[in-house]
Amino acid sequence: MSAIETEMSWRYVCKLDDLPVLGARVLERNETEGGNVAVFRNSEDVVFALLDKCPHKGGPLSQGIVFGERVACPLHNWSIELKSGEAVAPDVGCTKRFPVKVDGEDVFVDLR
Amino acid sequence: MSTVQKQKLAVIGNGMAGIRTIEELLKIAPDKYEITVFGTEPHPNYNRILLSPVLAGEQTIKDIVLNDWDWYKDNGINLITGKTITEIHRTRRELTTASGEKHNYDRLLIATGSNPFILPIEGKNLPGVISYRDIADTEAMIDAAKIYKNAVVIGGGLLGLEAANGLKLRGMDVTVVHVMPWLMERQLDEKAGKLLQASLEAKGITFKMQAQTEALIAGESGRVAALRFKTGEQIPADIVVMAVGIRPNTALAEKSGLQVSARPGGIIVNDTMQTLTDPRIYSVGECVNHRGTAYGLVAPLFEMAKVCANHLAEYGIGRYVGSVTSTKLKVTGVDLFSAGNFQGGEGFEDIVLSDPMGGVYKRLVVKDDKLVGACLYGDTVDGSWYFKLLREGKNVAEIRDQLMFGESNIGDVGHEGNTRAVTMKDTDEVCGCNGVCKGTITKAIKEKGLFTLDEVRKHTKASSSCGSCTGLVEQLLMFTAGGDYSATPKMKPMCACTDSTHQHTRDAIREQKLLSVPEVMKTLGWRTPNGCSSCRPAINYYLLSTWPKEYVDDPQSRYINERAHANIQKDGTFSVIPRMWGGETTADELRRIANAVDKYKIPTVKVTGGQRIDLLGVKKEDLPAVWKDIGMPSGHAYAKALRTVKTCVGSEWCRFGTQDSTQMGKDLERAMWRMYAPHKVKYAVSGCPRNCAEAGIKDVGIIGVDSGWELYVAGNGGIKTEVAQFFVKVKTSDEVLEYTGAFIQLYREEGWYLERTVHYVSRVGLDYCKKKVVDDAVNRKALWERLQFALDGEPDPWFEFDKARVDTRQFIPIKPIAADTVATV
Ligand SMILES: Cc1cc2nc3c(=O)[nH]c(=O)nc-3n(C[C@H](O)[C@H](O)[C@H](O)COP(=O)(O)OP(=O)(O)OC[C@H]3O[C@@H](n4cnc5c(N)ncnc54)[C@H](O)[C@@H]3O)c2cc1C
Ligand code: HEM
Ligand code: SF4
Ligand code: SF4
Ligand code: FES
C-alpha cells in the first residue's frame, strides 16, 4: 500500500459527516484549476469524487440523486458510475474521477 | 484468499427465450455463472419472427441476427452450436450431446421452443415437404421457389399465411388448404377471416377451405408432386409447407423425468419458472406450460425470461403470472390485429363496425365496462391503444360511445400519431422532447434488436420524457420489429429496482404502516440497495402523503429542485419564484425584488404564465440570502406541489364580473399552499364565463356565475391540452374550498407519483371522483379535514429550514485547503 501512497497528493477536504448520506457537496475550484469537484457519500459511507460536470451536457452531478454507487444527473437523468465516472449504458461518456481516501473522520481527495 | 468457483449454468436451446433470459441475467448478475449454451441450429440467436419478412424478400438473414458471435464471446459465454442435447442425467447433473460429449451443470435452463406439428398422413416425409420454423426451412423454401412452380401450404393460420404470402412474392402459384370455414379462426371471427381471405385472394393466393388432406403423392423423382384431398380431388404440389400448428418441444424433458402436461403440452413450471419436478432446472419459452397455458408468441416469453433471470440471480422476487397476448399478421398490405376474447358470448357486449366495401371491420368486446377483446381488420391503427386498455383493465364506460372511433377521437392529440407512424418519413420527428426522428428509432430497433418500449427509451431517448409520443413509438416497434412486443406485464413495476407497481407500493405503505424509504424497500423486496432516481422520490411522496406528521421527509430522496427549493437551470444556476397570492403584489414587494436583483446581479427577471415574477440565474450560494431579502413566501414553482392560483380581476373591477375571483383565488391559495402532490397542481379562478384566467385547462378550474361557482377538474395545458371536465356547481366560497380541497386530497391519497390529475381521473373515472366527493358529504368532509390536517403547520422551506428539513450545508461550497496535509510526493 505504501508504494501507492507515495505517488498520491492528498488534500484534506472535510469531515465525513460534513457530507450528507446519499448526497454530495461541491468542492469549489475555478475554471483554470479545472472547475468544481463533486464529493459524494453513499449509504455505505463510501466517498467518491468526480468532476462536477456531466459527460452529457455538463450538468452539475453534485446536485443529483445518489443511489447504490451511482448518481443521476439532475439535468437529463443520465446515470453516472461514482467509481469510474463512466455513464451507465446505453449512454456513453466519462467524467474525470479523483482518488479519495477516508482516514478516520477525515476525507482527502487527490485533485490532480 | 481462495477464488470462489463460479456456478455452472447450462442452457439447452439457443433461441429467443433462452438467450433473452441470459441477457436479463447478465444485466443484474453478470459474474454469477459460467454459462454454456447448446443449440441444434448452426446459427447464433436470431429473431425467428422475422423469418417471414426474409421469406418475403423484405429482409435478409443477416438483418435478423439478434446476438452475433461476438456477443457470446464478449460476455464470456461458451456457445456450442450444431449440437443437440439428447440426455439429462439429473442426479449426476450431467448433459449428453448427440455425439456423446458430457457436460456438467449446477443449474439448467431448458428453452427448447416448439416443434411444428406434422400431419400423420401418407407422404409426410417426402422430399419437398417442409415445415416453417427456422432458417433452414426458410432457405429451403427460398431455394424451392427458384426452381418450382406450385406451392401448397397446409394451414390457414398465422404461420401458414405468412409462408403463403412469401412464396407468392417469390413467384410461385400458391394454394392454401385449410380445414376450418375461415382463416385464422383462433384469432379472428368469421367476418374478419373472410375479409382477410378476400384480400389475400386479391394478391393472387388460392384457397381451399374446409378441405381435408388425405395424402401427399410422390412424383417420378421421388419428390412430392401432388396433394390428394379426402374427396379424391388432387392438386399439383412441388413443395408442401405444413403449418398446422406447433407442439411444445418436450421430448428431452419427458425422457429425463420432468413432469410434462398432456394437453396442451409443455414442461410444467411454477411462477418462478422452475420445473415442478426439479428446482435446479428452469424452463422458459414455448416449451413450457404455465398454469395450464403454453404460449406461442414472444411477448409472454420475454416476461418469463425476466422472472427466470431474477431467480437465477437469486434475487428471488419476480413472479410470472401469465400474459394476455395479441396478434398481428406480418403480411405487407394486410392490416389485422386481434387480442383477448374477441368471440364474446353470454354476458359480453359487442360493438361492431363493418364496412365491407371499404375493407374495414372492427369488433370490440366489452364486459363489465371493461374492454376484454378486440378484433380489427383493415384499420389497425388503434390496435396498441385497445391492447393497452385491455391489459390495464381500464374502465371504458365514459368513452364507450367513441371507443370504436379510436384514440384520436377521444381528443387525445398527443397519442393520435398511430396513423402517422407508417406514413411518416424517416426524417420526421417522433419525440419532440428529445428531438428524435423516425429513422433513428427504426434504425435502433433493427440494429440493436430492441423489443420493448423501455429499450427504445433507453437507447434513443424517444418517449422517455413527456411520454406523449409513446403511442407512435409503440407503432414503430410493431412495424419495424414485426410483432407486437408492446410493454408486457399487465401492470408495470415502478422501475427496474422492483416488481412492485405504484399501486402495490401505495397499498403496502398504508396497510403495513411503513414509515421510511428503507423499510418500504426491505418489505417489498427491492433489488437495489437504495433504489434509483425514479423510485425513491415516488416512495418519499407516498410516505409523506399517507402518513403526514408521522413520516419524516427525506430530502436526499427528492429531486434537486425540491432539495434546494429552487428550480435548477441548464447552466446549474437556479430560479427564484416567490409567491404572490392570487397574482397580486404591492409596491413594497416589488421594491424588495428590485433591490435583490441589483444586489445579487440576477441576470433575468421574467413574468411567468402563473402571474408572478421569476428571477432567473441565481447562484446556489445566494439562494438563502435572496429569499431573505425578498421576504416573500416560497412559490413552490420548483415542486410537485400547489403552484399558482391564477385569477382574473373579477367583480371588484371588471364590468362583466359576477364573483370576486381574485379574493376567491387568494383564499384558495392560502388554504392550499405548501401542499405536496403526485405532480404539480394548478388552480385558476375566473369571475365570469368569459374565463380570462383560463380555468378550463387547470387541475382545478373555478368559474364564477351569477348563482355561485362552477367547478371543473382534471384540465391540463401541457404537452397535450386537456380540457377540464365539469365537476359540480356550488353556491358559496366555503363550498369551493371544501369541494376542490376534497378532490385534491383524493388525488393526493390515490394518485401515482408523476400522474397529473387528468391521468388520475382518466384512470379511476370521473364518476368515481364525483361519488367520493360530490355525492358523499361525509367522505368529502373527511377528505377536506385530512388535507387541512396535513397542511396545518407545514413550514415555508425558504424560512423554516430546520422544520422543512432543508440541509443548508448545500449552499456552502467547500473550499479546498491550500496546504496539502498529508502530502508526500
Ligand atoms: C415464421 C414465424 C413467424 C413468427 N411470427 C411471430 C410474430 O409475429 N409474433 C410473435 O410474437 N411470435 C411469432 N413467432 C413465434 C416466435 O418466434 C416464438 O414464440 C419464439 O421464437 C419462441 O422462442 P423459444 O426460445 O421458446 O423457441 P425457439 O426460438 O424456437 O428456440 C429454441 C431453440 O432450441 C433449439 N433446441 C431445441 N431442442 C434442443 C436440444 N435438445 N438441444 C439443443 N438445442 C435445442 C432449437 O433448435 C431452437 O433453436 C413466429 C414464429 C415463426 C416460426
Ligand atoms: C408538461 C410539461 C411541462 C414542463 C416540463 C414544465 C416545466 C416548467 C419549468 C421547468 C418551469 C420553471 C421555469 C423556471 O425555472 O422558472 C415551469 C414554469 C411554469 N410553467 Fe411549466 N412545464 C410544463 C407544462 C406547463 C403547462 C402545461 C403550463 C400552463 C398551462 C405551464 C405553465 C407554467 C407556468 C405558469 C410557470 C411559471 C411558474 C410559476 O409561476 O409558478 N407549464 N414549467
Ligand atoms: S373572467 Fe369575467 S370577470 Fe374575470 S376578467 Fe374576464 S370578463 Fe372579467
Ligand atoms: S419553461 Fe416550460 S415550456 Fe419553457 S422551455 Fe422550460 S419546460 Fe419548456
Ligand atoms: S447534462 Fe447530465 S444528463 Fe444531460
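These numbers come from a predicted model, not from an experiment. (Residues numbered from 1 in each chain as written. Chains lettered and ligands numbered in written order. Predicted model: local features only at pLDDT ≥ 70, side-chain atom pairs only at ≥ 80, totals over all residues. Heavy atoms only, no water.)

1. Looking at the environment of A:Gly68
Argument step 1. Within the fold, A:Gly68 resides in the loop between strand 5 (65-67) and strand 6 (70-72).
Argument step 2. Residue classification places A:Gly68 among the buried positions, given a relative accessible area of 16%. (Helix = DSSP H or I, 4+ residues; strand = E, 2+ residues; numbered from the N terminus. Buried < 20%, exposed > 50% of the residue type's maximum accessible area, 1.4 Å probe, protein only.)

2. Some points on the pattern of salt bridges
Argument step 1. Scanning the model with the defined rule gives 42 salt bridges over all chains in all.
Argument step 2. Between B:Glu738 and B:Lys781 there is a salt bridge, with its nearest N and O atoms 3.4 Å apart. Residue B:Glu738 is located in helix 22 (residues 733-750), and its partner B:Lys781 is located in helix 25 (residues 777-791); the two are separated by 43 residues in the primary sequence.
Argument step 3. With relative accessibility at 42%, the residue B:Lys781 sits in the partly exposed group.
Argument step 4. Put simply, A:Asp17, A:Arg41 and A:Asp45 are held in one network by salt bridges that share partners. (Salt bridge = Lys/Arg side-chain N within 4 Å of Asp/Glu carboxyl O.)

3. Observations concerning the sheet that holds strand 7 (residues 107-110) of chain B
All names here are of chain B.
Argument step 1. The five strands are arranged 3-2-1-7-19 in an open sheet whose pairing can be described as parallel. Because the sheet does not close on itself, it has two edges, and the strands there are strand 3 (78-81) and strand 19 (281-283). Strand-to-strand twist in this sheet, taken as the mean axis angle between neighbours without regard to direction, amounts to 15 degrees.
Argument step 2. As defined by bridge partners, strand 2 (residues 33-39) adjoins strand 3 across four bridges and the pair is classed as parallel. Bridge pairing in strand 3 places Thr 36 opposite Asn 78.
Argument step 3. Relative to the sheet, helix 1 (residues 16-28) contacts strand 1 (7-12), strand 2 and strand 7, its axis offset from that of strand 2 by approximately 165 degrees. (Pairing = 2+ DSSP bridges. Axes fitted to C-alpha atoms, helices over the stretch in contact; angles between N-to-C directions. Contact = heavy atoms within 4.5 Å.)

4. Description of the packing of aromatic side chains
Centre-to-centre distance and the angle between the planes together describe a pair of aromatic rings.
Residue and element names in this part refer to chain B.
Argument step 1. For the structure on display, the rule yields twelve aromatic pairs over all chains.
Argument step 2. When the centroid spacing of 5.2 Å and the interplanar angle of 5 degrees are considered together, the rings of Trp 627 and Trp 798 count as stacked. Of the two residues, Trp 627 is situated in helix 20 (residues 623-630) and Trp 798 in the segment after helix 25; the sequence distance between them amounts to 171 residues.
Argument step 3. Here the aromatic cluster, defined as three or more aromatic residues joined through ring pairs, consists of Trp 627, Trp 798, Phe 801 and Phe 811.
Argument step 4. A cation sits over an aromatic face here: Arg 558 above Tyr 676, 4.1 Å from the ring centre. (Phe/Tyr/Trp six-rings, centres within 6.5 Å; stacked < 30°, edge-to-face > 60°. Lys NZ or Arg CZ within 6 Å of the ring centre and 35° of its normal.)

5. Focus: the packing of helix 21 (residues 661-672) of chain B against helix 22 of chain B
Residue and element names in this part refer to chain B.
Argument step 1. It is at 11 Å that the axes of helix 21 and helix 22 come closest, and there the two elements cross at 40 degrees. Considering the angle they form, helix 21 stands oblique to helix 22. As helix 21 packs across helix 22, the resulting crossing turns out to be right-handed. Along its contact with helix 21, which presents Met 664, Asp 667, Leu 668, Ala 671 and Met 672, the element helix 22 presents Ser 733, Val 736, Leu 737, Thr 740 and Gly 741.
Argument step 2. When the residues that make up the contact of helix 21 with helix 22 are grouped by side-chain class, the tally is six nonpolar, three polar and one charged. (Parallel < 35°, antiparallel > 145°, perpendicular 65-115°, else oblique. Left-handed = near helix turned anticlockwise from the far one by under 90°. Nonpolar A, V, L, I, M, F, W, Y, C, P; charged D, E, K, R; others polar.)

6. Description of the interface of chain A and chain B
Argument step 1. Listed by partner, the interface residues are 39 residues for chain A and 37 residues for chain B.
Argument step 2. Both faces combined, the contact of chain A with chain B buries some 3,000 Å², and carbon together with sulfur accounts for 52% of it.
Argument step 3. When the buried surface of chain A facing chain B is broken down by residue, A:Glu28, A:Gln63 and A:Ile65 rank first, second and third, together holding 22% of it.
Argument step 4. On the surface where chain A and chain B come into contact, there are one salt bridge.
Argument step 5. Salt-bridge contacts for A:Glu28 lead to B:Lys815; the nearest nitrogen and oxygen are separated by 2.4 Å.
Argument step 6. Viewed at the interface, chain B and chain A are joined by 16 residue pairs in polar contact (both at pLDDT 80 or more).
Argument step 7. Contributions of two or more residues to the side of chain A that touches chain B are made by strand 1 (10-15), strand 2 (23-27) and strand 5 of chain A. (Buried area = accessible area lost by both parts, 1.4 Å probe. Polar contact = N/O pair within 3.5 Å; in protein donor to acceptor, adjacent residues only side chain to side chain.)

By themselves, these figures tell us nothing about what the structure is for.
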